[in-house]
Amino acid sequence: MDITKIIDPLNDSQRLAVTAPSQAMLVLAGAGSGKTRVLVHRIAWQIQVEGVSAHSILAVTFTNKAAKEMRGRIEDLLGIPAHTLWIGTFHGLAHRLLRRHAKQVKLPETFQVMDSGDQLRVIKRLLTTLNLDDAKWPPRQLQWYINAQKDEGIRARYMAATDDMYQRQMLAIYRAYEAFCDRSGLVDFAELLLRAHELFRENPDVLEFYRQRFRQVHVDEFQDTNTIQYAWLRLLTDGKDNLFVVGDDDQSIYGWRGAKIENIYSFQRHYPNHQIIKLEQNYRSTGNILKAANQVISMNDGRMGKELWTDSGDGDLISLYAAFNEQDEAYFVVERIRAWVNEGGARSDAAILYRSNAQSRQFEEKLMATGTPYRVYGGLRFFERAEIKNALAYLRLMSNRNDDASFERVINTPTRGIGAKTLEDIRKIAREQSISLWAAAIVLINQGDLPGRASNALTGFLNLIKRLTEQSEDMELYEKVKLVVEKSGLVELYKKEKMEKGEEKIENLEELVNAARLFDFTQDQESEENLSELDMFLAHAALEAGEMQGDDIDDCVQLMTLHSAKGLEFKLVFLVGMEEGLFPSQQSVDDAGRLEEERRLCYVGMTRAMLQLHLTYAESRRLYGRESYPRPSRFLREIPGQYIQEVRMRATVSHPITAVKTKTSSLQVTSTYKLGQRVGHSKFGEGVVLQMEGEGAHERVQINFKQAGVKWLMLAYAQLKTL
DNA sequence: CCTCGATATATTTTT
DNA sequence: TATATCGAGG
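Everything quoted here is computed from the prediction, not taken from an experiment.

A. Main features of the packing of helix α6 (residues 116-129) against helix α7 (residues 139-151). Closest axis-to-axis distance for the α6/α7 pair is 9 Å, and the angle between their directions is 115 degrees. Between α6 and α7, the crossing angle belongs to the class labelled roughly perpendicular. For the crossing formed where α6 meets α7, the hand is right-handed. Listed contacts from α7 to Ser-116, Gln-119, Leu-120, Ile-123, Lys-124 and Leu-127 of α6 are Pro-139, Arg-140, Leu-142, Gln-143, Ile-146 and Asn-147.

B. Broad picture of the pairing of strand β9 (residues 318-325). Most of β9 is tucked away: 7 of the 8 residues are buried. Alignment of β9 against strand β16 (residues 644-646), held across 3 bridges, turns out to be parallel. Bridge assignment links Leu-320 to a residue of β16, and that residue is Glu-646. Judged from the 6 bridges that link them, β9 and strand β14 (residues 609-623) form a sheet pairing that is parallel. Paired with Tyr-321 across the bridge in β14 is Thr-616.

C. Main features of the protein's contact with DNA strand B. Lining the immediate surroundings of DNA strand B are 27 residues, of which Arg-355, Asn-357, Thr-561, Ser-585 and Arg-594 lie closest. Each atom of DNA strand B within 4 Å of the protein was assigned to sugar, phosphate or base; sugar and phosphate come to 52%. In this structure, Arg-257 approaches DNA strand B through a side-chain N or O atom, which is 3.1 Å from a base oxygen. Between DNA strand B and Asn-357, the relevant distance is 2.7 Å, taken from a phosphate oxygen to a main-chain nitrogen or oxygen of the residue. Contributions of two or more residues to the surface near DNA strand B are made by α26 (562-565) and α27 (592-606). Among the residues forming the surface near DNA strand B, the class breakdown is 7 nonpolar, 15 polar and 5 charged.

D. Highlighting the sheet that holds strand β6 (residues 216-219). Strand order in the open sheet formed by 6 strands is β3-β2-β6-β7-β1-β8, and the pairing between neighbours is parallel. Sheet topology places β3 (86-89) and β8 (275-279) at the edges, where each strand pairs with a single neighbour. Across this sheet, the average inter-strand angle for adjacent strands is 15 degrees, counted without regard to direction. In terms of strand pairing, strand β1 (residues 25-29) meets strand β7 (residues 243-247) through 4 bridges, oriented parallel. Paired with Leu-26 across the strands is Val-245, a residue of β7. Packing against the sheet, helix α2 (residues 12-19) makes contact with β1, β7 and β8, and its axis sits at approximately 145 degrees to β8. Where helix α12 (residues 262-270) meets the sheet, it contacts β1, β7 and β8, and its direction lies at approximately 150 degrees from that of β1.

E. Quick peek at the side chain of Glu-544. Residue position: Glu-544 is located in the loop between α25 (533-543) and β12 (557-561). Side chain to side chain, Glu-544 and Lys-68 meet in a polar contact 2.8 Å long. If sequence neighbours within four positions are ignored, Glu-544 has contacts with Asn-64, Lys-68 and Phe-383.

F. Region of the structure containing helix α11 (residues 227-237). Every buried residue of α11 is accounted for by Ile-228, Gln-229, Tyr-230, Trp-232, Leu-233, Leu-236 and Thr-237. Of the residues that open α11, the one with a side-chain oxygen 3.1 Å from the backbone nitrogen of Ile-228 is Asn-226. Following α11 by one or two positions, Gly-239 has its phi on the positive side, about 75 degrees.

G. Structural context of the confidence of the model for chain A. Residues with a pLDDT of 70 or more make up 89% of chain A, whose mean pLDDT is 88. Taken together, the stretch residues 649-671 has pLDDT below 50 and engages in 40 contacts with residues farther than four places along the chain or on a different chain.

H. Looking closely at the domain arrangement of chain A. Taken domain by domain, chain A holds domain 1 (4-102 + 193-281), domain 2 (112-184), domain 3 (293-381 + 551-646), domain 4 (382-545) and domain 5 (657-722). For domain 1 and domain 4, the distance between their C-alpha centroids amounts to 38 Å.

I. Molecular detail of α7. Given a rise of 1.5 Å per residue, 13 residues ought to cover 18 Å, and the 18 Å separating the end C-alpha atoms of α7 matches this to within 8%. Restricting attention to buried positions, one finds in α7 the residues Pro-139, Leu-142, Gln-143, Tyr-145, Ile-146, Gln-149, Lys-150 and Asp-151. The inward-facing, buried residues of α7 abut α6, α8 (165-184), α9 (189-202) and α11. Immediately downstream of α7, the backbone of Gly-153 shows phi near 80 degrees, a positive value.

J. Fine view of a negative patch on the surface. On the surface, a cluster of negative charge is contributed by Glu-500, Glu-503, Glu-507, Glu-510 and Glu-511. In this fold, Glu-511 is placed in helix α23 (residues 499-518).

K. The arrangement of the UniProt feature "domain: UvrD-like helicase ATP-binding" (unreviewed entry) in chain A in detail. Sites flagged by UniProt as "domain: UvrD-like helicase ATP-binding" (unreviewed entry) map to residues 8-286. Here residues 8-286 is 50% helix and 11% strand, with 24 Å between the C-alpha atoms at its ends.

L. Seen up close, the pairing of β6. Both faces of β6 are covered, namely the face carrying Gln-216 and His-218 and the face carrying Val-217 and Val-219. Strand direction decides the pairing type here: β6 and β7, joined by 3 bridges, are parallel. Bridge pairing in β7 places His-218 opposite Phe-244. In this region the chain leaves β6, passes through α11 and returns to the parallel neighbour β7; the handedness of that crossover is right-handed.

M. Main features of the protein's contact with DNA strand C. Surveying the vicinity of DNA strand C reveals the residues Arg-361, Arg-622, Tyr-624 and Gly-625. At a separation of 3.0 Å, a phosphate oxygen of DNA strand C approaches a polar side-chain atom of Arg-361. In the model, a sugar or linking oxygen of DNA strand C is placed 3.2 Å from a nitrogen or oxygen of the Gly-625 main chain. Taken together, the residues of the surface near DNA strand C sort by class into 1 nonpolar, 1 polar and 2 charged.

N. Structural context of the packing of helix α16 (residues 386-399) against helix α21 (residues 477-487). Look at α16 against α21: their axes get within 9 Å of each other, and the N-to-C directions meet at 115 degrees. Handedness of the crossing formed by α16 with α21: right-handed. Taken together, the residues of α21 that come into contact with α16 (itself represented by Ala-391, Tyr-394, Leu-395 and Met-398) are Lys-480, Val-481 and Val-484. Here the contact of α16 with α21 is built from residues that sort into 6 nonpolar, no polar and 1 charged.

O. Geometry of the packing of aromatic side chains. Taken as a whole and assessed by the stated rule, the structure comprises 21 aromatic pairs. The interplanar angle of 85 degrees and the centroid separation of 5.6 Å between the aromatic rings of Phe-407 and Phe-461 together place this pair among those described as edge-to-face. Taken together, the positions of Phe-407 in helix α17 (residues 404-410) and Phe-461 in helix α20 (residues 452-471) put the pair 54 residues apart, joining distant regions of the chain. For the pair formed by Phe-407 and Phe-461, the shared burial category is buried. Consider the rings of Phe-583 and Phe-635, whose centres lie 5.3 Å apart with planes at 65 degrees: the pair is edge-to-face.

P. Structural view of the pattern of salt bridges. Taken as a whole and judged by the stated rule, the model has 45 salt bridges. Across the pair Arg-195 and Asp-182 runs a salt bridge whose closest N-O atoms are separated by 3.0 Å. In this pair, Arg-195 is assigned in helix α9 and Asp-182 in helix α8, connecting sequence segments 13 residues apart. With a relative accessible area of 9%, Arg-195 lands in the buried category. As a salt-bridge pair, Glu-202 and Arg-201 come within 2.8 Å of each other at their nearest N and O atoms. Each of Lys-150, Arg-155, Glu-178, Asp-182, Asp-188, Glu-191, Arg-195 and Glu-198 takes part in one network of salt bridges that share partners.

Reading guide: rules and limits
Residues numbered from 1 in each chain as written. Chains lettered and ligands numbered in written order. Predicted model: local features only at pLDDT ≥ 70, side-chain atom pairs only at ≥ 80, totals over all residues. Heavy atoms only, no water. Axes fitted to C-alpha atoms, helices over the stretch in contact; angles between N-to-C directions. Helix = DSSP H or I, 4+ residues; strand = E, 2+ residues; numbered from the N terminus. Parallel < 35°, antiparallel > 145°, perpendicular 65-115°, else oblique. Left-handed = near helix turned anticlockwise from the far one by under 90°. Contact = heavy atoms within 4.5 Å. Buried < 20%, exposed > 50% of the residue type's maximum accessible area, 1.4 Å probe, protein only. Pairing = 2+ DSSP bridges. Near = heavy atom within 4 Å. Polar contact = N/O pair within 3.5 Å; in protein donor to acceptor, adjacent residues only side chain to side chain. Nonpolar A, V, L, I, M, F, W, Y, C, P; charged D, E, K, R; others polar. pLDDT = per-residue confidence, 0-100. Domains from an automatic or database assignment. Expected span 1.5 Å × (residues − 1). Patch = residues over 30% accessible without salt bridge, like charges linked within 9 Å, V, L, I, M, F, W, Y side chains within 5 Å. Areas by Shrake-Rupley, 256 points an atom, 1.4 Å probe, with all protein chains shown as cover. Salt bridge = Lys/Arg side-chain N within 4 Å of Asp/Glu carboxyl O. Lys, Arg positive; Asp, Glu negative; His and termini not counted. Charge placed at Lys NZ, Arg CZ, Asp CG, Glu CD. UniProt positions renumbered as here; feature names shortened; annotations may be inferred. Right-handed = clockwise from strand over helix to strand, strands pointing away. Phe/Tyr/Trp six-rings, centres within 6.5 Å; stacked < 30°, edge-to-face > 60°.

See the structure below:
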């Protein structure tokens, strides 16, 4: 047996974690310290050396991407496919359990998964039904409230009524929402987890079965688990000392959506026989970046304690640029990226990280203007697009006619002459008789007192769904999807829309058919053989919303929020908008706990950088149409000056916060150039000065190069020669 | 039923 | 500032 492949690539701490005997284990893995490697090798070790069957191993992640990567790497390491290995996201695994045990958790076989968009829609609909003003009861807040309760494992029926009117109303809505979901066979994301927990808690035999089956349980990004996820893990592993978790308290950045960093602390109480191993050697960043990041994070209280180090050198200093305004900031960043690319760097190795999405625009504009390919993460995802959701709603209705959310969605999309009045009648009957909208529609037609036209339209809709169901019965999955796309009238609807938009939507629908054709329903066969291909595809669409838009085919500059950057790495990183009120965000500054999370976010951002880290802030920023003059972020002050090189040239270079801005620039270049002056540039060759603007470090000149054409250059970097 | 204009509203995101 | 959503009116 060749175990060197598993052991050799590991450092001492990693090896300790990988080869430890079965026991409760907490691996505190710093950024870039090889946490996935430990998890992958640990599992391979158990299979190959400890003789644990892949069938008896469970590994849980947060994202599908992480799950996929882990499975891939384990299979690579073992050299064989490991399809009996249960590895997936909390939600994916919960879903699998609920499908297998639908009866025990009182769900219909064809229950459908709602994404957050669906959920919001349902809540809005519910408010209208309950005659509540959605200005007074903002749907988003209600959604937040409901999910927060569920994340804590709290069901509406177990909540005591309070005297507080507001609380009472919220609870009433939560109740109504639960009732609606039950009636329609709909399950939201939080519900997947909650019900999977209840499955274990209320069915000792089921729980015992899985406790027996899973001899080893592994969890990735443990610091991101919420209350219900951890409770679920505990049911599965209590008293068994077989829980192996990997996480980093310093990278907990999802507290605002229920993640409990405390779970790391509780782990030590709940599993008294645990062992803790710290991974502190970093294989990603240079020494300066790590030392600076260590300093920043050390400002937080109550850490587990961890200090990253590297045995590769200090590297470059971190650069800090004080931009005049957000335009200048973008200009600086884009120029730096161009310089990087000119020197042979790949664009995809450069990332611009910001605190909030609204900041991306200025960079996009500048990148666009310079013709630099870029990619923005975080847009609408494929399965979340309206046209896709419409098509899926038809499919869902075919699978489960009680799915009222889907019924509402497509009954009049495209418009087919079913008016608000008819719809209201249907809802009324559904409410009175506690039946689905579909059933209510049939009742309404049979009553016969509907105006002829409305009755025909409604019958037409019901028949359409029935026809689609019958016709597609023996079809392949992709043919079903194709049939729906063609016969639902969606294509005709989008053909009528403004050329470009409509065109794109039709293309997306075609892409959906294609996705169905490529859908690999064999990959989860082990557990879901009783599920129809269609239902598997629908679940896949909800649980894995697909890649964000854009292709990775091109060599693109990467733009994303700090949150989405977690887990990624780039040679060149720009952390922009380092300003009080922006980062840390205004909402976090007067709450110690939230401020610490912002600091962890800063730590995450800094540790994304492999070679170069550039920090920027603007002295003046236009945001939401308002001009503001923010102070530099406190996080900048927390980085010792010795790791920083200020890019702005000033008379006196000192610490950024304390430095007084002087008008006297150290760069008296303004007089050097005149309009029409002939200059030389190392890359662009010879040219003539056309315009100048800005002062000091901000001074830019426009030059008409003989070869390269007209360009704006920043004097501080251009290294021009007068000719 | 659709279009236009008024209005609110703007961290962070995966599942 | 930009966008999304909603209600009135053609």
